[in-house]
Amino acid sequence: MYKFRFETLLRHRRFLEDRMKEALADAVRQLRGEEAALQQLKARKEEYGKREKEKCGQGLSISEKLLYSDFSEHLEKEISARKKSLTDAEKNAGKKREQLTPAVQKRKMLEKLKAQKAEIHDREMLKQEIKFYSDISVNRFIRKQPETQDSEPV
């Protein structure tokens, strides 16, 4: 049976790649969460904007107008903060993706080397097996030949 010299290294590379994939999945999950939170804030701002317009049509007191205005500013600040968080999450996910790419390449390179070495080993084993059976056949053939005597009758 063929034993790959770098099997330990290959297992380690697979382990590292799996950890990087998990980190990327976490970063993507965080990114999706930030996107969802941003969409919720935008929808909330739009909803309160509609309410404010409805109330303005019905007559809105100055204190209520100030409350809507302050709340709108607060939502705008939250949206800006979420956009910054979203940008950071996108950068983090991109960084994790960039770290994963060389790890995958290194693992694939070792797997390719392992496959090549296994193929070479298999070919060598086949050659040895063919030689072994060939030797057995030759020996059987020689044993089946009638023994010739040193002197032939004249």
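As the structure is a computational prediction, the values presented were derived from the model and not from experiment.

J.: Before we move on, could you go through the overall build of the protein chain and cite the residues and values that matter?
T.: Within the protein chain, the regular secondary structure consists of two helices and zero strands. Relative to its length of 154 residues, the protein chain is extended, with a C-alpha radius of gyration of 38 Å against a globular reference of 15 Å. For the protein chain, the C-alpha atoms occupy an extent of roughly 140 × 25 × 15 Å along the three principal directions. Taken over 154 residues, the protein chain has a buried fraction of 16%. Within the protein chain, counting contacts between residues at least 6 apart in sequence, those at least 24 apart form 87% of the total. Approximately 12800 Å² of the protein chain is accessible, and the part contributed by carbon and sulfur atoms is 53%. Taken as two groups, the 37 positive and 28 negative side-chain charges of the protein chain have centres that lie 2 Å from each other.

J.: Got a sec to walk through a nonpolar patch on the surface? Specific residues and values, please.
T.: Where nonpolar side chains cluster on the molecular surface, the patch consists of Val 138, Phe 141 and Ile 142 and spans about 310 Å² of accessible area. As for its position among the elements, Ile 142 is in helix 2 (residues 62–144). Given a relative accessible area of 53%, Ile 142 falls into the exposed group.

J.: Give me the lowdown on the pattern of salt bridges, citing residues and values where you can.
T.: Counted by the stated rule, this structure contains 15 salt bridges. The shortest N-O distance in the salt bridge between Lys 45 and Glu 76 comes to 2.3 Å. Linking Lys 45 in helix 1 (residues 7–58) with Glu 76 in helix 2, this pair joins segments that are 31 residues apart in sequence. On the basis of relative accessible area, Glu 76 is assigned to the partly exposed category, the value being 33%. Its salt-bridge partner being Glu 46, residue Lys 50 comes within 3.7 Å of it at the nearest N-O pair. Of this pair, Lys 50 and Glu 46 both sit in helix 1, four residues apart, roughly one helical turn.

What counts and how
Residues numbered from 1 in each chain as written. Predicted model: local features only at pLDDT ≥ 70, side-chain atom pairs only at ≥ 80, totals over all residues. Heavy atoms only, no water. Helix = DSSP H or I, 4+ residues; strand = E, 2+ residues; numbered from the N terminus. Rg over C-alpha atoms; globule rule 2.2 N^0.38 Å. Buried < 20%, exposed > 50% of the residue type's maximum accessible area, 1.4 Å probe, protein only. Contact = heavy atoms within 4.5 Å. Areas by Shrake-Rupley, 256 points an atom, 1.4 Å probe, with all protein chains shown as cover. Lys, Arg positive; Asp, Glu negative; His and termini not counted. Charge placed at Lys NZ, Arg CZ, Asp CG, Glu CD. Patch = residues over 30% accessible without salt bridge, like charges linked within 9 Å, V, L, I, M, F, W, Y side chains within 5 Å. Salt bridge = Lys/Arg side-chain N within 4 Å of Asp/Glu carboxyl O.

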